[in-house]
Each structure stands twice: as structure tokens, then as C-alpha cells.
Amino acid sequence: MLSINDKHIDFFQSVYDVVRLIPEGRVTSYGAIARYLGAPRSSRMVGWAMNAAHTQSGVPAQRVVNRNGLLTGKAHFSTPTQMEELLEAEGIQVKDDRIVNFKEIFWDPSIELEL
DNA sequence: AGTTTGACGCCTA
DNA sequence: ATAGGCGCCAAAC
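Residues numbered from 1 in each chain as written. Chains lettered and ligands numbered in written order. Predicted model: local features only at pLDDT ≥ 70, side-chain atom pairs only at ≥ 80, totals over all residues. Heavy atoms only, no water.

The name recorded for chain A in an unreviewed UniProt entry is MGMT family protein, from Wandonia haliotis.

Draft legend 1. The protein's contact with DNA strand B, seen in detail. Around DNA strand B sit 16 residues, and of these Ser 43, Arg 44, Met 50, Asn 66 and Arg 67 come closest. The sugar and phosphate moieties of DNA strand B supply 53% of its atoms located within 4 Å of the protein. The separation between a base nitrogen of DNA strand B and a polar side-chain atom of Tyr 30 is 3.1 Å. Residue His 76 places a side-chain N or O atom 3.3 Å away from a sugar or linking oxygen belonging to DNA strand B. (Near = heavy atom within 4 Å. Polar contact = N/O pair within 3.5 Å; in protein donor to acceptor, adjacent residues only side chain to side chain.)

Draft legend 2. Examining unusual backbone geometry more closely. Positive phi is not limited to glycine here, since Asp 96 has a value of about 55°. Looking at where Asp 96 falls in the secondary structure, it is placed in the loop between β3 (94-95) and β4 (98-99). The phi torsion at Asn 101 lies on the positive side, around 60°, for a residue other than glycine. Residue placement: Asn 101 occurs in the loop between β4 and α5 (102-105). On the basis of relative accessibility, which here comes to 37%, the residue Asn 101 falls in the partly exposed class. (Helix = DSSP H or I, 4+ residues; strand = E, 2+ residues; numbered from the N terminus. Buried < 20%, exposed > 50% of the residue type's maximum accessible area, 1.4 Å probe, protein only.)

Draft legend 3. Region of interest: the nonpolar core. Counting residues in hydrophobic clusters, the biggest one holds 27 residues, and the most contacted among them are Val 19, Met 50, Leu 87 and Ile 99. Going through the elements one at a time, α1 (11-20), α2 (30-36), α3 (43-51), β2 (64-65), α4 (82-89) and α5 are the ones with two or more residues in this core. The element contributing the most residues to this core is α1, with 4 residues. (Core = buried A, V, L, I, M, F, W, Y, C linked by side-chain atoms within 4.5 Å.)

Draft legend 4. Broad picture of α4. Among the residues of α4, Met 83, Glu 84 and Leu 87 are the ones counted as buried. Buried residues of α4, seen end-on, are gathered within an arc of 90° and therefore sit on one face of the element. The secondary structure elements touched by the buried residues of α4 are β2, β3 and β4. The first or second residue beyond α4 is Gly 91, which carries a positive phi of 95°. (Arc of directions from axis to C-beta. Contact = heavy atoms within 4.5 Å.)

Draft legend 5. Structural view of the packing of α1 against α3. In the contact formed by α1 and α3, the axes pass within 9 Å of each other and the chain directions differ by 85°. Overall, the two elements α1 and α3 adopt an arrangement that is roughly perpendicular. Contact residues: Phe 11, Phe 12, Val 15, Tyr 16 and Val 19 in α1; Met 45, Val 46, Trp 48, Ala 49 and Met 50 in α3. Classifying every residue of the contact of α1 with α3 gives 10 nonpolar, no polar and no charged. (Axes fitted to C-alpha atoms, helices over the stretch in contact; angles between N-to-C directions. Parallel < 35°, antiparallel > 145°, perpendicular 65-115°, else oblique. Nonpolar A, V, L, I, M, F, W, Y, C, P; charged D, E, K, R; others polar.)

In C-alpha cells form, the structure reads like this:
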């Protein structure tokens, strides 16, 4: 699925690129990433891309949650507690698989990177 | 080649 | 507030 043409950059690669830009201590949602990539209705693709995120390096997958601030992807980490542990290590409070103050630490690429 | 399934989001009842 | 349906695109069956 590699492409030699720059015209259509891999969707996966683009997702990883955005995720890498998420500042420490901040989080974003699948929908926000999809919207930033120009596919507002394709949040599922972001999720699919994240499925293979662990194969990439420098991709803080724990900073990507669903629009409710729920750690929906925690099952895909090494251990069921890995995700929240990583988040808490960055100063993000997690309560019952949900990010506390989600609205405050939310980082929207389409806004933060609009310039 | 048709069907099912996602680490989702949004609208409607 | 909760539940269910549809959309959207790619990969696995």
C-alpha cells in the first residue's frame, strides 16, 4: 500500500503525522483528526489507522480518544491500564476510562494548526 | 466480488 | 439520558 506518488499521501501516514503533533498533556479525537485531514465523515478510518499505529514510532496513541473523552482504544495497548497510565504520566487525569477536564485539554488540529 | 467489521460521529426517537 | 440507525472508507473474510 505504499505509493510513490505524493499526490495521494497514505491516509494512515497522515494520521500518524497529526498524532505526533499532539502536545504532551493534551488530547484530541478521531473526528477532529479526520476533519483536519479533509474527511469529516471518516473518523472510522482514523480508528483503523490507529489500529496499526503501534507499528509506527513516536505516535502517542494514548492522546487520541473518542469525542466523549473516553479511552475507547485502551484495549489495544500492551495492558488494559497502559493507556491511562501513559496519560496520567503526562498530567492527564483519567477517571473511569474517561478523561477528566477533557474539554479543557482538548487539542483540535483544525484549530490549533489553522495558521 | 459481495459481506462484515471497525481504537467513530452525528442525528433522531 | 439512553438507544438505535446511517454515513464513510479501507481491510479482512
